[in-house]
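Descriptive structure summary
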Amino acid sequence: LRLDLNEHPSALSDAVGGDMFTTTAYPEYDALLAALGAYAGQPPERIALTNGAEQAIDLLVRILFTAGDTVVMPSPVFFAWDYALAQTGAEVRHVAYRDAPPRFVFPTEETLAALGKASGIILCHPNNPLGCAIPMDALRRLADAAQERNVPCIVDEAYVEFCGGSVAGLVASHDTLIAVRTFSKAFG
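Below is a summary of the structure that appears in this document. (Residues numbered from 1 in each chain as written. Predicted model: local features only at pLDDT ≥ 70, side-chain atom pairs only at ≥ 80, totals over all residues. Heavy atoms only, no water.)

**Examining the packing of helix α5 (residues 108-115) against helix α6 (residues 136-149)**
Quick reminder of the rule: Lines fitted to C-alpha atoms define the axes here, with helix axes fitted over just the stretch in contact, and angles between the N-to-C directions of these axes take values from 0 to 180 degrees. Numbering of helices and strands runs from the N terminus; a helix is a DSSP stretch of H or I covering at least four residues, while a strand is a stretch of E covering at least two. Convention used here: angles under 35 degrees read as roughly parallel, angles over 145 as roughly antiparallel, angles from 65 to 115 as roughly perpendicular, and any remaining angle as oblique. Contacts are assigned to residue pairs that have any heavy atoms within 4.5 Å of one another. Residues are grouped as follows: Ala, Val, Leu, Ile, Met, Phe, Trp, Tyr, Cys and Pro are nonpolar; Asp, Glu, Lys and Arg are charged; every other residue, Gly included, is polar.
Look at α5 against α6: their axes get within 10 Å of each other, and the N-to-C directions meet at 5°. Classified by the interaxial angle, the pair formed by α5 and α6 is roughly parallel. Residues Thr108, Glu109, Thr111, Leu112 and Leu115 of α5 form the contact with α6, whose participating residues are Ala138, Arg141, Leu142, Ala145, Ala146 and Arg149. Residues that form the contact of α5 with α6 fall into these classes: six nonpolar, two polar and three charged.

**What to know about helix α2 (residues 30-40)**
Our working rule: Buried means the residue's accessible area, taken with a 1.4 Å probe over protein chains only, is under 20% of the maximum for its type, while exposed means over 50%, and partly exposed covers the values in between. The arc under discussion is defined with respect to the helix axis, by the directions toward the C-beta atoms.
Regarding α2, the residues found buried are Leu33, Leu36, Gly37 and Ala40. Projection of α2 onto a plane perpendicular to its axis shows the buried side chains occupying an angular sector of 100°, all on one side. Turned more than 90 degrees away from the buried face of α2 sit Ala31 and Ala38, all of them exposed. A positive phi of about 70° marks Gly41, the residue just after α2.

**Some details on the nonpolar core**
The line we're drawing: To form a nonpolar core, buried Ala, Val, Leu, Ile, Met, Phe, Trp, Tyr and Cys residues must be joined to one another through side-chain atoms within 4.5 Å.
If you look at the biggest cluster of nonpolar residues, it comprises 25 residues, and the most contacted ones within it are Ile121, Leu123 and Leu177. When contributions to this core are tallied by element, the ones reaching two or more residues are α5, β5 (120-124), α6 and β6 (153-156). No other element matches the six residues that α6 contributes to this core. Each residue touching Ile121, except ones within four places of it in the same chain, is listed here: Val71, Val72, Thr111, Leu115, Leu142, Ala146, Pro152, Cys153 and Ile154. Grouped together as the second largest cluster of nonpolar side chains are 20 residues, Val61, Ala80, Val92 and Ile154 included.

Structure below.
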């Protein structure tokens, strides 16, 4: 018999229920949010917990974009973004990274130009699958442009610990800026 988190165990006999109350109580996230906030340099009220980055991606896209919206996305990019946007019917305007062997170069000016009348922008910093970081001056310029246009600027920072330069310091001054982070490295 599988019980969920909201069943009251008092209706069960001791043989079945036993110490069920402690295993069915809603979890307390205050200590975890405080630890994550300290690590990310953010107050806990700015942090939303999800079941991995893919759930965060799905929720953000469903909340922020609808059919007919246009979202700018420098590419290639983590597949989950394209998949989630396709589910909403939003149009994706891909802006290609420049191939400049031996590396790829972030298309700052092209991305700013594409932002135009777009409904939002999604950035992967560092890029997945390319592995290259977006220069901080480019991140700031794009966050500023999104703020001026009052459109979401989502920065996928799943691997930011490998490159440094998080946008976390910009979140307080840019209310349209959202960072998606994973903390597996920091918390084991």
